[in-house]
Amino acid sequence: MLVRVFITWLGVTAYPIAVRLARTLRGAGVCTELLVDALPLKKALRLAHRLNAEYAVIIGDREIAAGCFAVKRLADAMQSGMNEAKLLETLKQPRPDKV
């Protein structure tokens, strides 16, 4: 099964938010990977690439304060801020390698 979204979190306050988001995405049928242990961002993104994830969702203090997630499309490193509704809308689009 291909991982569509890899969630990485920074700091203890981000973990419960990451768990909730992972449950929401999985409930919507999106194959999602969430690590239990925190990794440095660079290492987490390398792992996301190795898993062939389409997106990496980054949740840290800055994202929590802004009320959105940093969403990085790994194919071209394009990154933008998205709230949960926008992320779900984006993920409704078929994965490019599945078209």
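Quick note: structure is the one above.
Treat the numbers as computed from the prediction; the structure is a model and nothing was measured.

**A look at the overall build of the chain**
When helices and strands are tallied, the chain shows four helices and five strands. From first element to last, N terminus to C terminus, the chain shows the α and β order β-α-β-α-β-α-β-β-α. Compactness check: the chain gives a C-alpha radius of gyration of 12 Å against a globular reference of 13 Å for 99 residues, within 12% of the reference. Overall, the chain is about 35 × 25 × 25 Å in size when its C-alpha atoms are taken along their principal axes. Taking all 99 residues of the chain together, the buried fraction comes to 38%. A fraction of 61% describes how many contacts in the chain between residues 6 or more apart in sequence connect residues 24 or more apart. Accessible surface, the chain as shown: approximately 5900 Å² in total, 57% of it carbon and sulfur.

**A few points about the sheet that holds strand 1 (residues 5–9)**
Sheet strands line up and pair through hydrogen bonds in the backbone, either parallel or antiparallel. The strand order across the open sheet built from five strands is 2-1-3-4-5, with neighbouring strands paired in mixed fashion. If you trace the sheet from one side to the other, it starts and ends with strand 2 (32–34) and strand 5 (78–82), each paired once. Averaged over all neighbouring strand pairs, the angle between strand axes comes to 25°, with direction disregarded. Relative to strand 5, helix 4 (residues 84–91) is tilted by about 130°, and along the sheet it contacts strand 1, strand 3 (55–59), strand 4 (69–73) and strand 5.

**Focus on the environment of Leu10**
Among the structural elements, Leu10 can be located in the loop between strand 1 and helix 1 (14–27). You can call Leu10 partly exposed: its relative accessible area is 31%. A sequence separation of 80 residues divides Leu10 from Thr90, and the C-alpha atoms of the two residues are 23 Å apart. Excluding anything up to four places from it in sequence, Leu10 contacts Leu39, Leu41, Ile58, Ile59, Gly60 and Asp61.

**Quick look at the pairing of strand 3**
Summarising burial for strand 3: five of the five residues are buried, a large majority. Burial along strand 3 is two-sided: Tyr55, Val57 and Ile59 and Ala56 and Ile58, pointing in opposite directions, are all buried. Bridge count between strand 1 and strand 3: five bridges; the pairing is parallel. Residue pairing in the sheet places Val5 in a bridge with Tyr55 of strand 3. Bridge count for strand 3 against strand 4 is four bridges, and the pairing is antiparallel. Bridged to Ala56 within strand 4 is Lys72.

**A word on the nonpolar core**
Val5, Ile7, Leu21, Leu25, Val57, Ile59 and Leu87 are the most contacted members of the largest nonpolar core, which has 19 residues in total. Of all the secondary-structure elements, those providing two or more residues to this core are strand 1, helix 1, strand 3, strand 4 and helix 4. With near-sequence residues (within four places) excluded, Val5 lies in contact with Leu25, Val30, Cys31, Thr32, Glu33, Tyr55, Val57 and Leu91.

The rules behind the values
Residues numbered from 1 in each chain as written. Predicted model: local features only at pLDDT ≥ 70, side-chain atom pairs only at ≥ 80, totals over all residues. Heavy atoms only, no water. Helix = DSSP H or I, 4+ residues; strand = E, 2+ residues; numbered from the N terminus. Rg over C-alpha atoms; globule rule 2.2 N^0.38 Å. Buried < 20%, exposed > 50% of the residue type's maximum accessible area, 1.4 Å probe, protein only. Contact = heavy atoms within 4.5 Å. Areas by Shrake-Rupley, 256 points an atom, 1.4 Å probe, with all protein chains shown as cover. Pairing = 2+ DSSP bridges. Axes fitted to C-alpha atoms, helices over the stretch in contact; angles between N-to-C directions. Core = buried A, V, L, I, M, F, W, Y, C linked by side-chain atoms within 4.5 Å.

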